[in-house]
Amino acid sequence: MIDAALLPLQRRLLAPPGQWLAARGVRADHLSVAGCLIGLGAAGAAALGFFGLALVGLALNRLADGLDGAVARVTGPTDRGAFLDIALDFVFYAAFPLGFVLADPGANALPGAVLIASFVISGTSFLAFASVAAGRGMTAREYPSKGIYYLGGLTEGAETIAVFAAFCLVPAWFPVLALGFAAACGVTGVTRFVAGWRAFG
């Protein structure tokens, strides 16, 4: 919901380190893969009950996710980079709550399953819209430099990361937070389906 508003600030902050990394031969694809691996490590830390370490991994994952775009803007964006950026984000979004499910299956399994299912609903509608929009040559006015059509909604990246951070800070609240955010993701999915119905009618 607030990603478009945060994007200019993020780009200003990450442009200098992105230029520094690009000048030293670091490629955006390397950062995307490294960020995903760190994110998977954060999920593993959560599964083992190391929630502080999981929070650090979450922060590093998001930093890598921002830096890959900063480097790509210096070296030139590629289709592979756009693919990796979004695909690996979805891998991380599924894996991170799974870590909390594994940490306490009795309390967290059902809320975690509902949350991941809601990610499938919102993510499927997002990617399906992007696929058809690409075929029509459409671009998102709010995200003109994204590698794919970025359809916003009630729950976007910033909201997701805020909730993931809350999981780490107050693990006992995972069931309530997960179910509440799942409901919001469900709303996002519905609005995206409606947007697709209207845009492609």
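Residues numbered from 1 in each chain as written. Predicted model: local features only at pLDDT ≥ 70, side-chain atom pairs only at ≥ 80, totals over all residues. Heavy atoms only, no water.

### Focus: the overall build of the protein
- A tally of helices and strands in the protein yields seven helices and zero strands.
- Going residue by residue from the N terminus, the α and β elements of the protein occur as α-α-α-α-α-α-α.
- Taken over C-alpha atoms, the radius of gyration comes to 17 Å for the protein, in line with the 17 Å a tight globule of 201 residues would show.
- Summarising its shape, the C-alpha atoms of the protein cover approximately 50 × 45 × 25 Å along the three principal directions.
- Put simply, the protein has 201 residues, and 42% of those count as buried.
- Taking as baseline every contact in the protein between residues at least 6 positions apart, the subset at least 24 positions apart corresponds to 79%.
- A total accessible area of about 10,300 Å² is found for the protein, and carbon and sulfur atoms account for 71% of it. (Helix = DSSP H or I, 4+ residues; strand = E, 2+ residues; numbered from the N terminus. Rg over C-alpha atoms; globule rule 2.2 N^0.38 Å. Buried < 20%, exposed > 50% of the residue type's maximum accessible area, 1.4 Å probe, protein only. Contact = heavy atoms within 4.5 Å. Areas by Shrake-Rupley, 256 points an atom, 1.4 Å probe, with all protein chains shown as cover.)

### What to know about the side chain of Thr188
- By secondary structure assignment, the location of Thr188 is in helix H7 (residues 174-199).
- Polar side-chain contacts of Thr188 include one of 3.3 Å to the backbone nitrogen of Leu154.
- Every residue in contact with Thr188, bar those within four places of it in the chain, is listed here: Ser122, Gly153, Leu154 and Thr155. (Polar contact = N/O pair within 3.5 Å; in protein donor to acceptor, adjacent residues only side chain to side chain.)

### What about the nonpolar core?
- With 22 residues, the main nonpolar core has Phe96, Phe164 and Phe167 as its most contacted residues.
- Secondary structure elements with two or more residues in this core: helix H2 (28-47), helix H3 (51-75), helix H4 (79-103), helix H5 (105-135), helix H6 (157-169) and H7.
- The biggest single contributor to this core is H6, with six residues.
- In this view, Phe96 contacts Ala42, Ala43, Ala54, Leu58, Phe164 and Cys168; residues no more than four positions away in its chain are not counted. (Core = buried A, V, L, I, M, F, W, Y, C linked by side-chain atoms within 4.5 Å.)

### A few points about the packing of aromatic side chains
- On inspection of all chains with the given rule, the structure shows 17 aromatic pairs.
- Measuring from centroid to centroid gives 6.3 Å for Phe90 and Tyr93, while their planes differ by 65 degrees, and the two rings are edge-to-face. One end of the pair, Phe90, and the other, Tyr93, are both in helix H4, three residues apart, so they sit about a helical turn from each other.
- Phe90 sits in the partly exposed class, given a relative accessible area of 27%.
- Aromatic rings pair up to connect Phe51, Phe90, Phe92, Tyr93, Phe96, Phe100, Phe119, Phe126, Phe164, Phe167, Phe174 and Phe181 into one cluster. (Phe/Tyr/Trp six-rings, centres within 6.5 Å; stacked < 30°, edge-to-face > 60°.)

### Examining the packing of H2 against H4
- It is at 7 Å that the axes of H2 and H4 come closest, and there the two elements cross at 5 degrees. By the angle between their axes, H2 is roughly parallel relative to H4. Packed against H2, whose contacting residues are Asp29, Ser32, Val33, Cys36, Gly39, Leu40, Ala42, Ala43, Ala46 and Ala47, the element H4 presents Arg80, Gly81, Leu84, Leu88, Val91, Phe92, Ala95, Phe96, Gly99, Phe100, Leu102 and Ala103 at the interface.
- Of the residues in the contact of H2 with H4, the class split is 16 nonpolar, four polar and two charged. (Axes fitted to C-alpha atoms, helices over the stretch in contact; angles between N-to-C directions. Parallel < 35°, antiparallel > 145°, perpendicular 65-115°, else oblique. Nonpolar A, V, L, I, M, F, W, Y, C, P; charged D, E, K, R; others polar.)

### Some details on the pattern of salt bridges
- Per the counting criterion, the structure on display carries three salt bridges.
- The partner of Asp29 in a salt bridge is Arg80, and the shortest N-O contact between them spans 2.8 Å. With Asp29 in helix H2 and Arg80 in helix H4, this pair connects stretches of sequence that are 51 residues apart.
- Given the relative accessible area of 11%, Asp29 is considered buried.
- The salt bridge involving Asp65 is made with Arg62; its shortest N-O contact spans 3.2 Å. Of the two residues, Asp65 and Arg62 are both situated in helix H3; the distance of three residues between them amounts to about one turn of the helix.
- Ionic contacts of the salt-bridge type, sharing partners, join the residues Arg62, Asp65 and Asp89 into one network. (Salt bridge = Lys/Arg side-chain N within 4 Å of Asp/Glu carboxyl O.)

### Details of the side chain of Arg192
- Structurally, Arg192 is set in helix H7.
- Side-chain polar atoms of Arg192 contact the backbone oxygen of Ser122, separated by 3.1 Å.
- Apart from residues lying up to four places away in sequence, Arg192 is in contact with Ser122, Ser125, Phe126, Phe129, Leu151, Gly152, Gly153 and Thr155.

Don't take any of this as a statement about function, it's just geometry.
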